[in-house]
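# Fold and contact review
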Amino acid sequence: MLGKVLACLALGMACWPAMAHAEAETDAWTGDIGPYTRYLDYDLFPLTPGPVVQGALYYQFSKGCQGMAWGSHGIEKSTGGELDFGVYCSLEVAEVTVTAGALRSFLRRVPDSTTVSFGLSHANFDVTAERYVMPGPDGNRIYGGYTAQPMNGLTLYPMLVYETGMGLPDLFGGGLRSELDVVEDVSLFALGLLPITKGDGDTRSSELAVGIRYSF
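Residues numbered from 1 in each chain as written. Predicted model: local features only at pLDDT ≥ 70, side-chain atom pairs only at ≥ 80, totals over all residues. Heavy atoms only, no water.

### Notes on the state of the cysteines
On inspection of all chains with the given rule, the structure shows one disulfide. A sulfur-sulfur separation of 2.0 Å characterises the disulfide bridge that pairs Cys65 with Cys89. On the S-S bond that ties Cys65 to Cys89, the torsion sits near 115°, and the link is right-handed. On the criterion of sequence distance, the pair formed by Cys65 in strand β3 (residues 65-74) and Cys89 in strand β4 (residues 81-93) is long-range, its members being 24 residues apart. Owing to a relative accessible area of 30%, Cys89 belongs among the partly exposed residues under this scheme. (Disulfide = S-S within 2.5 Å. Helix = DSSP H or I, 4+ residues; strand = E, 2+ residues; numbered from the N terminus. Buried < 20%, exposed > 50% of the residue type's maximum accessible area, 1.4 Å probe, protein only.)

Put into structure tokens, the structure is as follows:
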């Protein structure tokens, strides 16, 4: 499944899940669910460090457009929950896939927010720009990477991320996302992120999330 996510456009906790099933048939329902050691997203250094269960449901309602619902909830009661709803559409322009989307996030004890995104992908490369509209300071994220499959059943996605706004110092980081097929519809998943450069006083540090995912 991850190969589809990365080959199309990884949508971070925003865009990336919606495009994971871009090849699904029209009117098809698909999804995935699994436990992870911490909140899993392209959001660098998220605020929920504890173990979580996350899942997504996708509905392909036309050849180029898809709706999705994504949820996350902490296994420990002290960690919060989140529910996102989004719509994403893509088209081919001169062998480049152009994707635009909008997502609304509802979080426990945190004000709701909206994310709009625009992405380009060609062959194994992709880049995405996201704009976060929040009750507090708005923010932007730009990230992109390369999809590699060095062996059967293993997908790797090295990536770079730049974040600015949201009341935090600018940050430039790198990461690696991987998925290894175990049996049919079940895979092992890992995402590691680390800062390359960041502003003075920024306490965000490297992180690693691992888990197991069931796709249906």
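Here the narrative resumes, following the displayed structure.
### Thoughts on the pairing of β4
Two elements, β3 and β4, share nine bridges in a ladder whose sense is antiparallel. Each residue of the ladder has a partner; that of Gly67, found in β4, is Val87. Where β4 lies against strand β5 (residues 96-107), twelve bridges are found, and the strand directions are antiparallel. Within the sheet, the bridge partner assigned to Gly86 lies in β5 and is Leu103. Taking the residues that link successive antiparallel strands as the turn, the β4-β5 hairpin has two residues, and the phi of Ala94 there is positive, at about 50°. (Pairing = 2+ DSSP bridges.)

### Digging into the confidence of the model for the protein
When the pLDDT values of the protein are averaged, the result is 85; 83% of them are 70 or greater. Scored below 50 in pLDDT, residues 1-25 shows 108 contacts in the model against residues more than four places distant or in partner chains. (pLDDT = per-residue confidence, 0-100. Contact = heavy atoms within 4.5 Å.)

### Quick notes on the packing of aromatic side chains
Scanning the entire structure with this criterion turns up six aromatic pairs. On the numbers, 4.5 Å between centres and 35° between planes, the contact of Trp29 with Tyr59 is tilted. With Trp29 in strand β1 (residues 28-36) and Tyr59 in strand β2 (residues 52-60), this residue pair connects regions lying 30 residues apart in the sequence. Accessibility expressed as a relative area gives 58% for Trp29, which makes it exposed. In this arrangement the basic side chain of Arg213 is found over the ring face of Phe189, its NZ or CZ atom lying 4.4 Å from the centre. (Phe/Tyr/Trp six-rings, centres within 6.5 Å; stacked < 30°, edge-to-face > 60°. Lys NZ or Arg CZ within 6 Å of the ring centre and 35° of its normal.)

### Topic: the pattern of salt bridges
Overall, the coordinates contain eight salt bridges when judged by the stated rule. With a closest N to O distance of 4.0 Å, Arg213 and Asp32 form a salt bridge. Of this pair, Arg213 sits in strand β13 (residues 207-215) while Asp32 sits in strand β1; the two residues are 181 residues apart in sequence, bridging distant segments of the chain. Across the pair, exposure class does not vary: Arg213 and Asp32 are buried alike. Arg38 is the partner of Glu207 in a salt bridge, and the nearest nitrogen-oxygen pair spans 3.3 Å. Of the two residues, Glu207 is situated in strand β13 and Arg38 in the loop between β1 and β2; the sequence distance between them amounts to 169 residues. Assigned by exposure class, Glu207 and Arg38 land together as buried. The network of salt bridges with common partners includes Glu130, Arg141, Glu163, Asp202 and Arg204. (Salt bridge = Lys/Arg side-chain N within 4 Å of Asp/Glu carboxyl O.)

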